[in-house]
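Structure assessment
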Amino acid sequence: MCAGDISWGQGQAAELRPRAKPAFRPPAHQGKCDGRLLRPGDGQAQRGRSPRLQHCRRAPPAGGAAEARPRYAPGPGWSRLRQRARTALRGAAMAPPAARLARISRAVTFSACHRLHSKSLSNEENQKLFGKCNNPNGHGHNYKVIVTVHGEIDPVSGMVINLTDLKKYMQEAIMEPLDHKNLDKDVPYFAEVVSTTENLAVFIWENLKKLLPVGTLYKVKVYETDQNIVVYKGEEIMSEK
């Protein structure tokens, strides 16, 4: 107890008078407050908070909703950026749809016989290299060929290629020269080339390439058996001279 809190009278008991507390003033840096001090009796003060924290909380105006907290004000360049974004979106909406690429495959089967024999090797070397596939009487296979083409889907027809045309090209490039033929004797290409499945895939590729539109042939897949499969995509290695 300090002396300034006691008032003394003559012949009377000392009377305690509490010192008046000054009203709380918000600091200068809190300019967003409305200067109103929320006390426990106002209904807006929150339990457990100091008067300082309660003061910085905006009180709703009488008879109205709580005042919205001020938001960040964009700079002068914001409107230009927004206009550019709107222009870009409008241009994207007006642009034509992007072209769609697709691949389409068709399969055929044919039967043919051959003998694996290289003229660059002796009979003994051929026998050692090819084994029973070097039998002088040859042997046969039921080949299966899958041809894949790719390209842009035509917006009018909805097709990459007319399947009727692809069927005709495969008939001319595969079935007519190879079906029920002796590859080594009936196909001039294999007169000097060993009739392996790898070389057969190359032969089919070259035939189809002459008939199909430029750039549409994607892959030739040849099944000699269910276990032996060759895939050729037109790859070439330039030999060094």
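Residues numbered from 1 in each chain as written. Predicted model: local features only at pLDDT ≥ 70, side-chain atom pairs only at ≥ 80, totals over all residues. Heavy atoms only, no water.

Turning to the overall build of the protein, a few remarks are in order. Scanning the protein from terminus to terminus reveals 6 helices and 7 strands. Shown N-terminal to C-terminal, the secondary structure of the protein runs as helices and strands in the order β-β-α-α-β-α-β-α-β-α-α-β-β. At a minimum sequence separation of 6, the contacts of the protein that also span at least 24 residues come to 60%. (Helix = DSSP H or I, 4+ residues; strand = E, 2+ residues; numbered from the N terminus. Contact = heavy atoms within 4.5 Å.)

It is worth spelling out the packing of aromatic side chains at this point. Per the stated rule, a full pass over the model turns up 5 aromatic pairs. Taken together, a centroid distance of 5.1 Å and an interplanar angle of 20° make the contact between F110 and Y143 stacked. One end of the pair, F110, is in strand β3 (residues 101-114); the other, Y143, is in strand β4 (residues 139-152), and 33 residues separate them in sequence. Of the two residues examined, F110 and Y143, each falls in the buried class. (Phe/Tyr/Trp six-rings, centres within 6.5 Å; stacked < 30°, edge-to-face > 60°. Buried < 20%, exposed > 50% of the residue type's maximum accessible area, 1.4 Å probe, protein only.)

It is worth spelling out the sheet that holds β4 at this point. Strand order in the open sheet formed by 5 strands is β5-β3-β4-β6-β7, and the pairing between neighbours is mixed. With one partner strand each, in any of the chains shown, β5 (181-182) and β7 (229-232) form the two edges of the open sheet. Where β4 and strand β6 (residues 217-223) come together, 6 bridges link them in antiparallel fashion. Each residue of the ladder has a partner; that of V147, found in β6, is V220. Most of the contacts of helix α4 (residues 163-178) go to β3, to which it runs at about 20°, and overall it touches β3, β4 and β5. Relative to β6, helix α6 (residues 197-211) is tilted by about 145°, and along the sheet it contacts β3, β4, β6 and β7. (Pairing = 2+ DSSP bridges. Axes fitted to C-alpha atoms, helices over the stretch in contact; angles between N-to-C directions.)

This part is about the confidence of the model for the protein. Across the protein, the average pLDDT comes to 79, with 63% of residues at or above 70. The model gives residues 1-9 a pLDDT under 50, and that stretch makes 14 contacts with residues more than four places away or in other chains. (pLDDT = per-residue confidence, 0-100.)

Here α6 is 15 residues long and its end C-alpha atoms lie 22 Å apart, about the 21 Å a rise of 1.5 Å per residue gives. Turning to α6, its buried residues are T197, L200, A201, V202, F203, I204, W205, N207 and L208. Residues of α6 that are buried make contact with β3, β4, α4, β6 and β7. (Expected span 1.5 Å × (residues − 1).)

Another aspect to go through is the pairing of β4. Inspection of the sheet shows β3 paired to β4 by 14 bridges, in the antiparallel sense. Note that in β4 the partner of V108 across the bridge is V145.

Our next topic: the pattern of salt bridges. The tally for this structure, following the rule as stated, stands at 1 salt bridge. K119 is paired through a salt bridge with E192; the nearest N and O atoms lie 3.8 Å apart. Placement of the pair is K119 in the loop between β3 and α3 (123-130) and E192 in the loop between α5 (183-186) and α6, with a sequence separation of 73 residues. Overall, E192 belongs to the exposed group, its relative accessible area being 66%. (Salt bridge = Lys/Arg side-chain N within 4 Å of Asp/Glu carboxyl O.)

A word on the nonpolar core. F110, V145, I174, L178, I204 and L208 are the most contacted members of the largest nonpolar core, which totals 31 residues. Ignoring sequence-local partners within four residues, the contact set of F110 consists of H141, N142, Y143, V145, I174, M175, L178, D179 and L200. (Core = buried A, V, L, I, M, F, W, Y, C linked by side-chain atoms within 4.5 Å.)

Note that N134 resides in the loop between α3 and β4. With sequence-adjacent residues up to four places away left out, N134 is seen in contact with R115, L116, H117, N123, N126 and Q127.

Turning our attention to the pairing of β3. In the sheet, β3 pairs with β5 via 2 bridges, with the strands oriented parallel. Within the sheet, the bridge partner assigned to A112 lies in β5 and is K181.

Once that is clear, we can look at the packing of α4 against α6. To characterise two packed helices, one gives the angle between the axes of the helices and the distance between these axes. Packing of α4 against α6 leaves a shortest axis separation of 8 Å and a crossing angle of 140°. Here α6 runs oblique to α4, going by the angle between their axes. By crossing handedness, the relation of α4 to α6 is classed as right-handed. Contacts between α4 and α6 involve Y169, M170, E172, A173, I174, P177 and L178 on the former and, on the latter, L200, F203, I204, N207, L208 and L211. Grouping the constituent residues of the contact of α4 with α6 by class yields 11 nonpolar, 1 polar and 1 charged. (Parallel < 35°, antiparallel > 145°, perpendicular 65-115°, else oblique. Left-handed = near helix turned anticlockwise from the far one by under 90°. Nonpolar A, V, L, I, M, F, W, Y, C, P; charged D, E, K, R; others polar.)

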